[in-house]
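Architecture and fold: a report
Below, each chain spelled out in residue letters.
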Amino acid sequence: MTTYDFDREIDRRGTCSVQWDDIADRFGVGELLPFTISDMDFASPPEVLDALRARVEHGVFGYTEWRIGDFRAAIRHWYATRHDTALDIETLVYAPSVLSQLSQLLQMWTAPGDGVVVHTPTYDGFRKAVTGLGRELRGVPVGDTEALEAELAKPDSTMLLLCSPHNPTGRVWREEELAEFARLAELHGVAVVSDEIHADLVADGQRHLPWLRFAEPGRGRRWALITSGTKAFNFPALTGSYGIIGDPDERAEFIRRMETGEGLASPAVLSMTAHVAAYRQGAPWLDELRAYVAGTMRLVEERLADGLPGVSWTPPQAGYLAWIDLRPLGIDEEALQRELVEVEKVAIMPGRVYGAPGFVRLNVGCPRKKAERGVEALVRAATRLRTT
């Protein structure tokens, strides 16, 4: 029985939305139908909205502390019930965003000029964070363990930066893969940071395994899991994230840096409120969302098979981002983007943003009617340009 209405269209224009109101910044043209940045067009769960209304109604928004109240206990509850993983709340840290955590950990565990190893294609936020701090981004193809070990073995490679599940491909890492990553990191003495913000969006039949299941315990072992409920429950504008840092000294240093150097004296109380409501009451909404997105992905699969038979595409193992390889069609990426923007009036992320020309990333975290318009526009534009 369906309880939540994911077909309802909500007008997001005029809300300072990056996806809807800031199109011209990336595509040079406004008034496009966007399928871009990875947030969703769905309202957050009603349980979350009710909790936020109650907190707003209270009316006082003084300084807050993330280590008191139900915030940490709700995270522990979520990991136990959703991921069958025991979590010690004393290992938790707080930060405004996952990328702010990454930035701090890069500064703690690497030095300018060091190599940071990632899987390619690569989430563009990783590239900006790593290169912006003067570190070298070293990419290895998803699934190429030999190339991964070669990069980790370099003396100046000091961090393995995972995206788990992987963005933009939607790959869910298998248990044996994660175990091998852990073995290689330990062998070559590199720190591991695992960004798991897409973890709660795995498709049915897939299982996300948190990095703390594979991290070696003990002092001196540099690893962190960084994540947030903002992606799965769609409240990134509230900010707020949390992490798990295994080594107590490293954890204390992270907190010290955030509270002194970064001036994070008080976290965003509405984000904490939303997290608690999502993790305590949001599971039914999330399960229906995942089922809805799966249905939309099947629609995309069918339309691509019918309209672009040269493209072999299957839905991702996690997330609402369709990563589509158009290289078999022999289409020039710049020409395709012109066709999409100027003729079809849609904005779809080009693969070059993630270091993979010839691909596109289509965000279908939206009502199905909108997703249909996006994939139909892509098929029409590609059909006009295909050379094979």
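Below, the structure is looked at part by part. Keep in mind that what you see is a predicted model, and the values were worked out from it rather than measured.

1. Quick word on the overall build of the protein chain
Counting secondary structure elements, the protein chain contains 14 helices and 11 strands. Taken over C-alpha atoms, the radius of gyration comes to 21 Å for the protein chain, in line with the 21 Å a tight globule of 388 residues would show. Along the first, second and third principal axes, the C-alpha atoms of the protein chain reach 60 × 55 × 40 Å. For the protein chain, buried positions account for 55% of its 388 residues.

2. With respect to helix H13 (residues 333-344)
Residues Glu333, Ala335, Leu336, Gln337, Glu339, Leu340, Val341 and Glu344 constitute the buried set of H13. Its side-chain oxygen placed 3.2 Å from the backbone nitrogen of glutamate 334, aspartate 332 serves as the N-cap of H13. Downstream of H13 by one or two residues, lysine 345 has phi in the positive range, about 60°.

3. Section: the packing of aromatic side chains
In total, this model carries 18 aromatic pairs according to the counting rule given. Judged by centre distance (5.5 Å) and plane angle (40°), the rings of phenylalanine 6 and tyrosine 292 are tilted. Separated by 286 residues along the polypeptide, phenylalanine 6 in the segment before helix H1 (18-21) and tyrosine 292 in helix H12 (residues 283-307) bring together distant segments of the chain. The exposure classification of phenylalanine 6 matches that of tyrosine 292, with both residues buried.

4. Some details on the packing of helix H3 (residues 46-58) against helix H11 (residues 269-281)
Axes are the key here: two packed helices are described by the angle between their axes and the distance separating the axes. As a packed pair, H3 and H11 sit with axes 8 Å apart at the nearest point and diverge in direction by 140°. Of the two possible hands of crossing, H3 and H11 adopt the one that is right-handed. Of the residues in H11, those touching H3 at Glu47, Val48, Ala51, Leu52, Arg55 and Val56 are Val269, Leu270, Thr273, Ala274, Ala277, Ala278 and Gln281. For the contact of H3 with H11, the residue count by class is 9 nonpolar, 2 polar and 2 charged.

5. Brief notes about the side chain of arginine 135
Residue position: arginine 135 is located in the loop between helix H6 (124-132) and strand E4 (136-141). There is no salt bridge for the buried arginine 135, and the closest opposite charge comes from aspartate 114, which lies 6.0 Å off by N-O distance. Here the side chain of arginine 135 touches leucine 106 through a polar contact of 3.3 Å, landing on its backbone oxygen. For arginine 135, the residues in contact, after removing those within four places along its chain, are Leu106, Gln107, Thr110, Ala111, Pro112, Gly113, Asp114, Val116 and Val130.

6. Some details on the nonpolar core
Counting 112 residues, the largest nonpolar core has Trp211 and Ile324 as the members making the most contacts within it. A total of 9 residues in this core trace back to one element, the largest contributor, which is H12. Listed in part, the 11 residues of the second largest apolar core include Leu32, Ala347, Met349 and Tyr354.

Cut-offs and rules
Residues numbered from 1 in each chain as written. Predicted model: local features only at pLDDT ≥ 70, side-chain atom pairs only at ≥ 80, totals over all residues. Heavy atoms only, no water. Helix = DSSP H or I, 4+ residues; strand = E, 2+ residues; numbered from the N terminus. Rg over C-alpha atoms; globule rule 2.2 N^0.38 Å. Buried < 20%, exposed > 50% of the residue type's maximum accessible area, 1.4 Å probe, protein only. Polar contact = N/O pair within 3.5 Å; in protein donor to acceptor, adjacent residues only side chain to side chain. Phe/Tyr/Trp six-rings, centres within 6.5 Å; stacked < 30°, edge-to-face > 60°. Axes fitted to C-alpha atoms, helices over the stretch in contact; angles between N-to-C directions. Left-handed = near helix turned anticlockwise from the far one by under 90°. Contact = heavy atoms within 4.5 Å. Nonpolar A, V, L, I, M, F, W, Y, C, P; charged D, E, K, R; others polar. Lys, Arg positive; Asp, Glu negative; His and termini not counted. Salt bridge = Lys/Arg side-chain N within 4 Å of Asp/Glu carboxyl O. Core = buried A, V, L, I, M, F, W, Y, C linked by side-chain atoms within 4.5 Å.

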